[in-house]
Structure formats: C-alpha cells, structure tokens
Amino acid sequence: MMKKLLLFFFSVLYLQSCTYNTATATPLVLEFENFGPAAMSEPLLGQSWWQWQNHGDSRPRSYDIKVVVYRSQSLNEIKAEYSVSKENLKDYRYIAYSESIDYLDENIKDNILPRVTQKLKNTRSKILKHFEQE
C-alpha cells in the first residue's frame, strides 16, 4: 500500500512539473538600447537617463537601464521583483509582452535605418523565443 501511495505521489509531482512552464513565468530582462535609439523608444520607455533624475548629464553618458518584458504576471508583481533603487543604481522600465511586440512591429515596418531595423528584429526574435511556449 505504501509503495502505491508513493508511486501515486511522485506521479502527480512529475505531471505537475511537466505542465509548469518556467519560460512563461519568467519575465525577460533586456537592455534599454534593444528598443532602438532613445528618440524612438522614449514614448514607450521614457527618457534614457535614471528616472529619479530631472534630466540627463550635459556630457553624453550611458545609463544602465533594464527593460523588463512580462506576460504572465501583473505589473505590481513585476515591480516588486524588479524594484527601482536609486541607492543601488537599479533602474527598470516595464513593458507588457503585447505592447513590446506592437512597438517593435510598428518600428520594424517603418524601417527608418537598416541597422536599427535589424536590432529591432533581433529584439523581437528574443522576446518571441523567450515566450513561445506560453
């Protein structure tokens, strides 16, 4: 009886592990630059400097800003997991999966500069590949 119970228990655990897809539960973290030049991505991502600053530096500077693309979680869950921290210089921008794909499709279609379009296509492919099993 005990063997049957253990066998049943492990079978249930195995089936649950097969149906749980970690790719869908895990957001994708990308670089700010993956969404094209700041002038293009500003309506989607905001300014290309720390969000706690009123303006960027007078001398050109690169800011380590990450973009979190999410699909299965709520925005509040994502913000809790990827918190903005001025003290630790951690800045995140949050984009829902469908919003990111819409933005990329629109700007790929516009094809303003071939190298920018290629970068956007690469970003789109990364996002699709990451979330394809959902």
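Quick caveat, the model's predicted, so the values are computed rather than measured.

1. Examining the nonpolar core
Membership of the largest hydrophobic core comes to 22 residues, with the highest contact counts inside it found for Phe35, Leu45, Val69, Leu104 and Ile127. Those elements that provide at least two residues to this core are β1 (28–31), α3 (38–45), β2 (65–70), α5 (97–110) and α6 (114–131). Looking at this core, the element that brings in the most residues is α5, giving 5 residues. Leucine 45 has contacts with Phe32, Phe35, Val67, Arg93 and Ile95, leaving out every residue within four places of it along the chain. Among the nonpolar cores identified, the runner-up in size contains 6 residues, and Ile78, Tyr82, Tyr92 and Tyr94 belong to it.

2. Looking at the confidence of the model for the protein
When pLDDT is averaged along the protein, the result is 84; 78% of the residues meet or exceed 70. Between residues 17–24, whose pLDDT stays under 50, and residues either more than four places distant or in other chains, the model counts 9 contacts.

3. So, the sheet that holds β1
Across the sheet, which stays open at both edges, the 3 strands sit in the order β1-β2-β3 with mixed pairing between neighbours. Strands with a single pairing partner mark the edges of an open sheet, and in this sheet they are β1 and β3 (91–96). Taking each pair of neighbouring strands and ignoring which way they run, the sheet shows an average axis angle of 30 degrees. Examined bridge by bridge, β1 and β2 share 4 bridges and lie antiparallel to one another. Note that in β2 the partner of leucine 30 across the bridge is valine 67. The strands that α5 touches are β2 and β3; relative to β3, the one it contacts most, it runs at about 85 degrees. Against the sheet, α6 contacts β1 and β2, and its axis sits at roughly 170 degrees relative to β1.

4. Thoughts on a negative patch on the surface
A contiguous patch of negative charge, built from Glu99, Asp102, Glu106 and Asp110, is present on the exposed surface. If you trace the backbone, glutamate 106 turns up in helix α5.

5. As for the environment of serine 125
Here serine 125 is to be found in helix α6. Spatially, the C-alpha atom of serine 125 lies 9.8 Å from that of isoleucine 101, the residues being 24 residues apart in sequence.

6. Some thoughts on the side chain of threonine 117
For threonine 117, the position within the fold is in helix α6. Residue threonine 117 is classed as buried on the basis of its relative accessible area, which comes to 5%.

7. A few points about the packing of aromatic side chains
By the definition in use, this model includes 5 aromatic pairs. Both rings, one in phenylalanine 35 and one in tyrosine 103, keep their centres 6.1 Å apart while their planes meet at 45 degrees; by these two values the pair is tilted. Taken as a pair, phenylalanine 35 in the loop between β1 and α3 and tyrosine 103 in helix α5 lie far apart in primary sequence, 68 residues in all. The exposure classification of phenylalanine 35 matches that of tyrosine 103, with both residues buried. Summarising the aromatic geometry, the rings of tyrosine 97 and phenylalanine 131 are spaced 5.3 Å apart at their centres and angled 70 degrees between planes, so their arrangement reads as edge-to-face.

The rules behind these values
- Residues numbered from 1 in each chain as written.
- Predicted model: local features only at pLDDT ≥ 70, side-chain atom pairs only at ≥ 80, totals over all residues.
- Heavy atoms only, no water.
- Core = buried A, V, L, I, M, F, W, Y, C linked by side-chain atoms within 4.5 Å.
- Buried < 20%, exposed > 50% of the residue type's maximum accessible area, 1.4 Å probe, protein only.
- Helix = DSSP H or I, 4+ residues; strand = E, 2+ residues; numbered from the N terminus.
- Contact = heavy atoms within 4.5 Å.
- pLDDT = per-residue confidence, 0-100.
- Pairing = 2+ DSSP bridges.
- Axes fitted to C-alpha atoms, helices over the stretch in contact; angles between N-to-C directions.
- Patch = residues over 30% accessible without salt bridge, like charges linked within 9 Å, V, L, I, M, F, W, Y side chains within 5 Å.
- Areas by Shrake-Rupley, 256 points an atom, 1.4 Å probe, with all protein chains shown as cover.
- Salt bridge = Lys/Arg side-chain N within 4 Å of Asp/Glu carboxyl O.
- Lys, Arg positive; Asp, Glu negative; His and termini not counted.
- Charge placed at Lys NZ, Arg CZ, Asp CG, Glu CD.
- Phe/Tyr/Trp six-rings, centres within 6.5 Å; stacked < 30°, edge-to-face > 60°.

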